[in-house]
Amino acid sequence: MAHPSSGNGLLVVVLGLPVLAGVAGTILPAFGYLPALGGLRPTVAHLTELAGQPHILRSVLIALAAGLVTTFAALAIVGTFIAGFAGTPVFARIHHLVSPLLAVPHAAAAFALAFLIAPSGLFLRLISPELTGFTRPPDWLLPNDPLALSMIAGLITKEVPFLFLVTLAALPQLPLRRARQLAAALGYGRVSGFMISLWPTLYRQIRLPVFAVLAYSVSVVDVAMILGPQLPATLPVRIAHWAADHDLRVRFLASAGALLQLFVVVAAMGIWLALERLGKLARIFMTFTGTRLRKDMVVRAMSGMAMAGCAAIIFSGLAALFIWSVAGLWPFPNALPGAITGKIWLRALPQISEPLLTTVALAFSASALALIIAIFLLHRNGAGQAGNGASYKLLYLPLLVPEISFVFGLQILAIAVGFTPAFPSVLAVHFLFVLPYVLLSLSAPWRELDPRYERIAAGLGKSSLRILVTVRLPLLFRACLTALAVGFSVSVSLYLPTLLIGAGRLTTITTEAVALSAGGDRRVIGVYALVQAALPFLAFLVASLGPQLLFRNRRAMRM
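Residues numbered from 1 in each chain as written. Predicted model: local features only at pLDDT ≥ 70, side-chain atom pairs only at ≥ 80, totals over all residues. Heavy atoms only, no water.

1. Thoughts on a nonpolar patch on the surface
Taken together, Ile 271, Leu 275, Leu 278, Leu 281, Ile 284 and Phe 288 make up a surface patch of nonpolar side chains, about 600 Å² in accessible area. For Leu 281, the position within the fold is in helix H13 (residues 250–289). (Patch = residues over 30% accessible without salt bridge, like charges linked within 9 Å, V, L, I, M, F, W, Y side chains within 5 Å. Areas by Shrake-Rupley, 256 points an atom, 1.4 Å probe, with all protein chains shown as cover. Salt bridge = Lys/Arg side-chain N within 4 Å of Asp/Glu carboxyl O. Helix = DSSP H or I, 4+ residues; strand = E, 2+ residues; numbered from the N terminus.)

Written as structure tokens, this is what we have:
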């Protein structure tokens, strides 16, 4: 018999307590209390110091605006595309094109975009000097433009695939065909009919992932370092710089900044709630005025091009990374390098080996541990309610609280109790972020498995544990490998938790790649970014080929 309460209690301990402890570790030093650094009395001096930092308001507003614009644009693209193309052949083709983008880490996608849009990037090289007249790179501040437009573009290209796949998981629960037929009979266009009849139900199911996208976009660090403005940088980037300062007293200022970042995310969520109300009013207005928008071909075409454009940008950017990694002399405006060489790879491989091993070890350990815990939780909660309980909303807690706010607090607590930055502590933080994705990835296949297999085994007198090991897990082998690959890719992409908890002593491919962004050697950056992007693809390749090889003599098990 399943005991949901035990699994829910474990979720509270594993996810809730570290996040709350991290937030507490941010709040107390922000008000001056940190005995390990001599802070023994509460004070608001550090908050006052934060308020006096140059251009702090601009840093806050840029981060806030970038997060809101990114979330709104990504949701609008996905929602309009789903409304206009769900169930069509175009939908299936775009689905296969966009799905692989989920495996590309944020930093690799940011580098890919940077290599395309830079003044000497691939886009301008392909059209210069014939169309532009440029014989030398123009003096454009791209990326790192002061309005954060390139950062917003990079975030949109990564969040669209995430929201699209989340929406795909919720789509089968909607009466899509009947609603579309009814809307068409009433004279509604595809998009307007979907928005009026099905969008409210669909949005309720993806609302928490949308808020997770908002929280991440407002508080992102690695993408902001690569594509975002520099003078001033966004608030999360400035906090990361303060946290890395050699003067430990600056940690108080960083804590005050992390507390401010928490309030910025809360403010962003409040603004989003207001936008939800406005959207509801607009939908009611459309309903009562009978606005049908029958001619929506342009809107649908734009959404399709936007979806395909996200894939095209990242794939062409990865191609640019590869070209730069093997390029010899490549003066502007030549479209291709004059020579191809493997010297950069040969020079970088000895330096990249240690971060690569650390990355793989962290990612595999965190995802394997998360898979074991996820299987235990789903087994204890029973197949019928796997992932449906109210406590499973805790899964989104590490995603809704900004990383910089609670991970920095965990770092402060680690310093206070005398923990030495090492592999186990970084692994624990990676596990905190990996578990939600692994559990969410596995819960749907777990719930949808035909229960008759287990009933037959139970009728033959098999114990619950034996049924799990010999019946359910073999049938869900592909789903388990996919969840493992999802967790692996999440761990590979983690920058800030590795940087803060590892305190620079534990380097991964991601931390090294982001650090190189401040340099300018595109060839070396191309090597690191390609290796970072290749790791998740290899994980998903193993997840795809594993069942094919293991069950090569059992056709139904290979599907």
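2. A word on the packing of aromatic side chains
Throughout the structure, instances matching the rule amount to 8 aromatic pairs. Aromatic side chains Phe 81 and Phe 91 sit 5.6 Å apart centroid to centroid with 15 degrees between the ring planes, which places their arrangement in the stacked category. In this pair, Phe 81 sits in helix H3 (residues 56–85) while Phe 91 sits in helix H4 (residues 89–98), placing the two residues 10 residues apart along the sequence. The structure contains a cluster of three or more aromatic residues connected by ring pairs, namely Phe 81, Phe 85, Phe 91 and Phe 164. Seen from the ring of Trp 330, Arg 125 lies directly overhead, with NZ or CZ sitting 4.4 Å from the centre. A cation over a ring is seen here: Arg 522 above Phe 115, with NZ or CZ 5.9 Å from the ring centre. (Phe/Tyr/Trp six-rings, centres within 6.5 Å; stacked < 30°, edge-to-face > 60°. Lys NZ or Arg CZ within 6 Å of the ring centre and 35° of its normal.)

3. So, the packing of helix H12 (residues 235–243) against H13
H13 packs onto H12 with a crossing angle of 155 degrees between their chain directions and a minimal axis gap of 8 Å. Considered as vectors, H12 and H13 are oriented roughly antiparallel to each other. The element H12 and its partner H13 pack so that their crossing is left-handed. Contacts between H12 and H13 involve Leu 235, Pro 236, Ile 239, Trp 242 and Ala 243 on the former and, on the latter, Val 250, Arg 251, Leu 253, Ala 254, Gly 257, Ala 258, Leu 260, Gln 261 and Val 264. (Axes fitted to C-alpha atoms, helices over the stretch in contact; angles between N-to-C directions. Parallel < 35°, antiparallel > 145°, perpendicular 65-115°, else oblique. Left-handed = near helix turned anticlockwise from the far one by under 90°. Contact = heavy atoms within 4.5 Å.)

4. A few points about the confidence of the model for the protein
When pLDDT is averaged across the protein, the result is 87; 95% of the residues are at 70 or more. Here residues 384–388 is modelled with pLDDT under 50, and outside its nearest four sequence neighbours on either side it reaches 10 contacts, counting other chains as well. (pLDDT = per-residue confidence, 0-100.)

5. Thoughts on the nonpolar core
Membership of the largest hydrophobic core comes to 166 residues, with the highest contact counts inside it found for Ile 82, Phe 91, Phe 164, Met 307, Phe 406 and Leu 442. The element that contributes the greatest number of residues to this core is H3, accounting for 15 residues. Those residues in contact with Phe 406 that lie beyond four places of it in its chain are Pro 18, Val 19, Gly 22, Val 23, Thr 26, Pro 398, Val 401, Leu 432 and Phe 433. The next biggest cluster of nonpolar side chains, apart from the first, holds 8 residues, and it includes Ala 363, Ala 485, Val 492 and Ala 539. (Core = buried A, V, L, I, M, F, W, Y, C linked by side-chain atoms within 4.5 Å. Buried < 20%, exposed > 50% of the residue type's maximum accessible area, 1.4 Å probe, protein only.)

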